[in-house]
Amino acid sequence: MIVADRKSLEEILAMVKDNKKILIAGCKGCVTVCNVGGLKEVEILASSIKIARKKEGNDIEIDIEVLERQCDTEYVAGISETVGDYEAVISLACGVGPQFLSEMYKDQTFYPGVNTTFFGGATQHGVWEERCAGCGTCAIHNFGGLCPIARCAKSLMNGPCGGSSNGVCEINKDTECIWDSIVRKKMEAGRLEDLLGVKGIKDWQTARDGGPRRSIREELVQGNI
Amino acid sequence: MRLSYSADIKVIQVPCTGRVDILHLLNAIEDGADGVYVAGCLEGECHYIEGNLKAKRKVEYVKKTLTELGIEPERVAMYNLSSAQGARFAEIANEMADKIKALGPTPVKNTHAA
């Protein structure tokens, strides 16, 4: 899923400081799963903003909506009749949400309420870790199912660097050296030779380096299936 | 026991403090409560295993939020006592009421207090 962290209340309050009536729009997708932009978080943010504004003696009216997904126009269209009633909208979806909203409702102001961080998963309740860098050319099968593009600080393809010490990356004591894990896994499986082949230079054109990407599924575009 | 305690306290009963939500606490503050505390069972003695521990974490979350908003976090508190400790209940009620009186009225100005 896409993982995000909520922006500080200070930052969000500054965004809407001149507004008297706003909408907070959550999303039932990834941000609900990572507990940052679902119904509960939307309600908590609304209450927190109201408390702050009442404290200032500057009340604010806040309505809430939680869209099925903010990354699909059909669901974004769900607020078409009411979105104009507000001075601004805070989106608690990932970075895709406020953009889809901005593209559909050109006269409205949409503020991002979260910082979108990475593609990952929960390793324990409350802890999410990056697992995918969206490079566009998945090759994890070459590395025992562990991605060195996303999980090695240098995205090395042919083994660890000199900064690997006791399975830990030099950038941070809490960051495992994924190459240490890859090699250990292969050794335990008795298949270390799998790593002997030199991986060629990676073509980063499929990654973000090639510019904004687009995925087209012709059969769906044509409506055949 | 017929114990008396501060008349400023409004008691809201829940089946277990595990039912208390962050939003209940925030909404109380939002609606103009000067303070709000949760009186849960003693730690380790929750009939539902960890309802009171969950409430404790929620109280901590709200304290953090209030701090971020420049409001005294002491306005929200968690207490633990058993249902057999009536005298302690009255003591806590008075203690919390005194603490809130010392802090003064809530800075959250309300135009339509609940």
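We now turn to the structure provided with this report. (Residues numbered from 1 in each chain as written. Chains lettered and ligands numbered in written order. Predicted model: local features only at pLDDT ≥ 70, side-chain atom pairs only at ≥ 80, totals over all residues. Heavy atoms only, no water.)

1. Regarding the interface of chain A and chain B
Point 1. With 18 residues of chain A at the contact, the number on the chain B side is 20 residues.
Point 2. On the chain A side of the interface with chain B, the three residues burying the most area are I51, K54 and K55 of chain A, jointly 45% of the side's total.
Point 3. At the junction of chain A with chain B, the criterion picks out 2 salt bridges.
Point 4. Taken together, the connections running from chain A to chain B amount to 8 residue pairs in polar contact (both at pLDDT 80 or more).
Point 5. Of all the secondary structure elements, the ones that give two or more residues to the side of chain A that touches chain B are α1 (9–15) and α3 (39–55) of chain A.
Point 6. When residues in the side of chain A that touches chain B are grouped by element, the largest group, 10 residues, is from α3 of chain A. (Contact = heavy atoms within 4.5 Å. Buried area = accessible area lost by both parts, 1.4 Å probe. Salt bridge = Lys/Arg side-chain N within 4 Å of Asp/Glu carboxyl O. Polar contact = N/O pair within 3.5 Å; in protein donor to acceptor, adjacent residues only side chain to side chain. Helix = DSSP H or I, 4+ residues; strand = E, 2+ residues; numbered from the N terminus.)

2. Structural notes on α3 of chain A
Residues and elements named next belong to chain A.
Point 1. For α3, which comprises 17 residues, the first-to-last C-alpha distance of 24 Å matches the rise-based estimate of 24 Å (1.5 Å per residue) to within 8%.
Point 2. For α3, the tally of buried residues reaches 12 of 17 residues, placing the bulk of the element in the interior.
Point 3. When we look at burial in α3, the residues that qualify are E41, V42, I44, L45, A46, S47, S48, I49, I51, A52, R53 and K54.
Point 4. Trailing α3 by a residue or two, G57 shows a phi angle of about 70°, which is positive. (Expected span 1.5 Å × (residues − 1). Buried < 20%, exposed > 50% of the residue type's maximum accessible area, 1.4 Å probe, protein only.)

3. Description of the packing of aromatic side chains
Residues and elements named next belong to chain A.
Point 1. This structure, assessed with the given rule, holds 4 aromatic pairs over all chains.
Point 2. With a centroid separation of 6.4 Å and 40° between ring planes, the pair formed by Y105 and F110 is classed as tilted.
Point 3. With a relative accessible area of 10%, Y105 lands in the buried category.
Point 4. Geometrically, the ring pair formed by F143 and W179 is edge-to-face, given 5.6 Å between the ring centres and 85° between the ring planes. With F143 in the loop between β7 (127–132) and α6 (148–151) and W179 in helix α7 (residues 178–188), this residue pair connects regions lying 36 residues apart in the sequence.
Point 5. Directly above the aromatic system of Y86 lies the positively charged group of K21, at a separation of 5.4 Å from the ring centroid.
Point 6. Just above the ring of W204 sits the side chain of K202; from NZ or CZ to the centre is 5.2 Å. (Phe/Tyr/Trp six-rings, centres within 6.5 Å; stacked < 30°, edge-to-face > 60°. Lys NZ or Arg CZ within 6 Å of the ring centre and 35° of its normal.)

4. Describing the sheet that holds strand β3 (residues 61–67) of chain A
Residue and element names in this part refer to chain A.
Point 1. Read across the sheet, 4 strands follow the order β3-β2-β4-β5 without closing on themselves; strand pairing throughout is parallel. Two strands bound the open sheet, and with one partner strand each, they are β3 and β5 (110–112). Each strand of the sheet is rotated relative to its neighbour by a mean of 25°, with strand direction disregarded.
Point 2. By the bridge criterion, 7 bridges tie strand β2 (residues 21–27) to β3 in an arrangement that is parallel. Considered in β3, the bridge of C27 is made with L67.
Point 3. Packing against the sheet, α3 makes contact with β2, β3 and β4 (88–91), and its axis sits at approximately 170° to β3.
Point 4. Contacts between helix α5 (residues 96–104) and the sheet are confined to β3, β4 and β5, with β5 contributing the most and set at about 170° to the helix. (Pairing = 2+ DSSP bridges. Axes fitted to C-alpha atoms, helices over the stretch in contact; angles between N-to-C directions.)

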